[in-house]
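Coordinate analysis (summary)
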Amino acid sequence: MPAILLIVLYLGLVCAPLGLAMWQDQPALSLRDALAAGAGMAGLAILQVEFLLSGRFRVISGRIGMDVTMRLHQLLARAASVLILLHPFLYHGPQGLSRGRGPGPGPGANAALDYSWASLWPGLAAWLLLGAVMVMALGRDGLFRHERWRLMHGTMALAMAGLGVLHATRAGRFSSDPVLAGYWWAMLGVATLSLCWVYAVKPMMKRARPWRVAAVTPLAERTWELRLSPEGHSGLRYKPGHFAWISVGHSALSLDENPFSIASSPSDGPDLRFVIKELGDFTNRLGAVKPGTPAYVDAPFGSLTLDGHGDAAGVALIAGGVGIAPMLSHLRALDAAGDPRPRLLIHANRLASQMVCDDELQAMTQHGPLRVVHVLSEPSDGWTGETGFVTPDLLRRHLDTDALKTWVFVLCGPPPMLESVEPALLAMGVPHRNILLEQFSYD
Ligand SMILES: Cc1cc2nc3c(=O)[nH]c(=O)nc-3n(C[C@H](O)[C@H](O)[C@H](O)COP(=O)(O)OP(=O)(O)OC[C@H]3O[C@@H](n4cnc5c(N)ncnc54)[C@H](O)[C@@H]3O)c2cc1C
């Protein structure tokens, strides 16, 4: 589905409740009451569609990129939170929340609203739950293991959406209308199904196609190659640039899974190779994982593939640290296909001991149209290559004007590097559509 259609679909889903409310034959509202009702409905609509932006739906993340999907998810969650937090305060006067029962009288007050406790408590509970979800989302890295946080985040958000729908259909003057009420319940159904898809259907699908650890090999300082072999099936159909959610040594139903770029090329055969750097719980234990350990793979995901760039005159791959993983997949595939297009790999690391697969890369430079530029920010004595960071000057030294206009640029690395290299490329005249980018963090 083209990205523009996704945007139209998104706007349609989020604006539908407001459209349905405007279509109703209701008495005119004061501006404040209209804003309050609109904020509540828009906030709830955004919240319900958030479940589809969880990053696990390829039709979305495959089009706009996983990192963009997750950033949108976070940004829109913030927008929904502001609208929902403001919603009760926008109503005309405080009498709305303090009145115990029955509709209120008088012009300007919320005469048609139901302020009974039965209609208010779900809203109040959703509102408090929202505060808890926000605190947990902001402090997630320090408070919980990532996997536990993910499950709690999803279930609490679903409870919040359910309570919000209950409140809207009981208390809202617009949402008690059967058509709008039907919309809220249908969207709650979609949200519930999307969680079931991630936590029940996907694990079942993974269990039907198990994998096994074939080898774990040290590649560089605190960096490993993990090789997985399919067990009783033909493996995965993927493209260079894709990433996978993998779980090693757990059941298919376990929440323990992490995203890693696939470093092998489909031309290598059915085994999948990953380049993994130690960072936390799972990655720090990788070196001790034994061959034969069961594994599960949910893939392919991501938008770092060269789809739609077959006409690019060359390929520039700019990686920081372990961001080399998807670049290896691209280079291995281009090499295996005998692709004649010139290519340049710029790989930035802190130390020479962090460079991976350099022998293989140097071999590719001998028999193919590849140039490799290593950049070290902390070079040892005797280093003759590039030093410092990937700056516009460095890019200009290795890419001529023609390349800047006609090549495709694939970027992967730590956020600070991407934040400086992408604008530099744009400023140097690289068209936006020729830059593919993925960051290994969603923050
Ligand atoms: C699209 C993508 C591709 C990636 N590819 C690679 C790769 O090829 N090689 C590589 O070394 N690293 C890659 N990463 C990073 C890798 O996923 C994390 O380093 C890894 O999940 C850390 O897990 P841990 O249990 O060791 O650390 P933890 O202690 O659990 O977490 C450390 C940090 O990693 C992040 N993280 C942990 N679990 C997850 C998760 N399930 N989903 C998203 N983020 C998580 C969190 O921000 C957390 O703060 C990639 C990340 C993304 C998003």
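Up top is the structure these notes are about.
Below or above, wherever it landed, is the structure these notes cover. It should be emphasised that the depicted structure is a prediction, and the values quoted were computed from it without experimental measurement.

Reading the values: the criteria
- Residues numbered from 1 in each chain as written.
- Predicted model: local features only at pLDDT ≥ 70, side-chain atom pairs only at ≥ 80, totals over all residues.
- Heavy atoms only, no water.
- Helix = DSSP H or I, 4+ residues; strand = E, 2+ residues; numbered from the N terminus.
- Buried < 20%, exposed > 50% of the residue type's maximum accessible area, 1.4 Å probe, protein only.
- Areas by Shrake-Rupley, 256 points an atom, 1.4 Å probe, with all protein chains shown as cover.
- Lys, Arg positive; Asp, Glu negative; His and termini not counted.
- Charge placed at Lys NZ, Arg CZ, Asp CG, Glu CD.
- Contact = heavy atoms within 4.5 Å.
- Pairing = 2+ DSSP bridges.
- Axes fitted to C-alpha atoms, helices over the stretch in contact; angles between N-to-C directions.
- Right-handed = clockwise from strand over helix to strand, strands pointing away.
- Near = heavy atom within 4 Å.
- Polar contact = N/O pair within 3.5 Å; in protein donor to acceptor, adjacent residues only side chain to side chain.

**What to know about the overall build of the protein**
Summing up its helical and strand segments, the protein has 14 helices and twelve strands in all. Over its C-alpha atoms, taken along the principal directions, the protein stretches across nearly 85 × 50 × 40 Å. Residues counted as buried form 49% of the 443 residues belonging to the protein. Accessible area of the protein: about 20300 Å², with a carbon and sulfur share of 65%. Both charge centroids of the protein, one from 36 positive and one from 35 negative side chains, sit 6 Å from each other.

**Observations regarding the environment of glutamate 360**
Locating glutamate 360 in the fold gives a position in helix 11 (residues 358–367). A sequence separation of 32 residues divides glutamate 360 from leucine 328, and the C-alpha atoms of the two residues are 9.6 Å apart. Each residue touching glutamate 360, except ones within four places of it in the same chain, is listed here: Arg273 and Arg332.

**Points about the sheet that holds strand 3 (residues 243–248)**
Taken together, six strands build an open sheet; the order of strands is 4-3-6-1-2-5 and the sheet is antiparallel. Either end of the sheet is taken by a strand with one partner, and the two such strands are strand 4 (258–261) and strand 5 (272–277). Going across the sheet, the axis of each strand differs from the next one's by a mean of 40°, ignoring polarity. With two bridges joining them, strand 1 (residues 211–220) and strand 6 (residues 294–301) adopt antiparallel strand pairing. Each residue of the ladder has a partner; that of arginine 212, found in strand 6, is proline 294. Along the sheet face, helix 10 (residues 324–336) touches strand 2 (223–230), strand 4 and strand 5 and points at about 150° away from the line of strand 5.

**Details of the pairing of strand 8 (residues 343–349)**
By the criterion of burial, strand 8 is predominantly enclosed, with seven of the seven residues buried. Burial along strand 8 is two-sided: Arg343, Leu345, His347 and Asn349 and Leu344, Ile346 and Ala348, pointing in opposite directions, are all buried. In the sheet, strand 7 (residues 315–320) pairs with strand 8 via six bridges, with the strands oriented parallel. Looking at the pairing, alanine 316 lines up with leucine 344 of strand 8. After leaving strand 7, the chain enters helix 10 and then returns to the sheet as strand 8, a path that is right-handed. As defined by bridge partners, strand 8 adjoins strand 9 (residues 370–376) across seven bridges and the pair is classed as parallel. Bridge pairing in strand 9 places leucine 345 opposite valine 372. In this view, the connection linking strand 8 to its parallel neighbour strand 9 by way of helix 11 has right-handed handedness.

**Comments concerning the site of the ligand**
Close contacts around the ligand come from 21 residues, with Asn258, Pro259, Val275, Lys277 and Thr283 the closest. Here a nitrogen atom of the ligand sits 3.1 Å away from a polar atom, N or O, in the main chain of serine 261. Taking threonine 283, its side chain carries an N or O atom lying 2.5 Å from an oxygen atom of the ligand. Notes on the ligand: free accessible area 880 Å², of which the protein chains cover 89%. Put simply, the parts of the chain that give the shell around the ligand at least two residues each are strand 3, strand 4 and strand 5. Per element, the largest residue contribution to the shell around the ligand is four residues, and it comes from strand 4.

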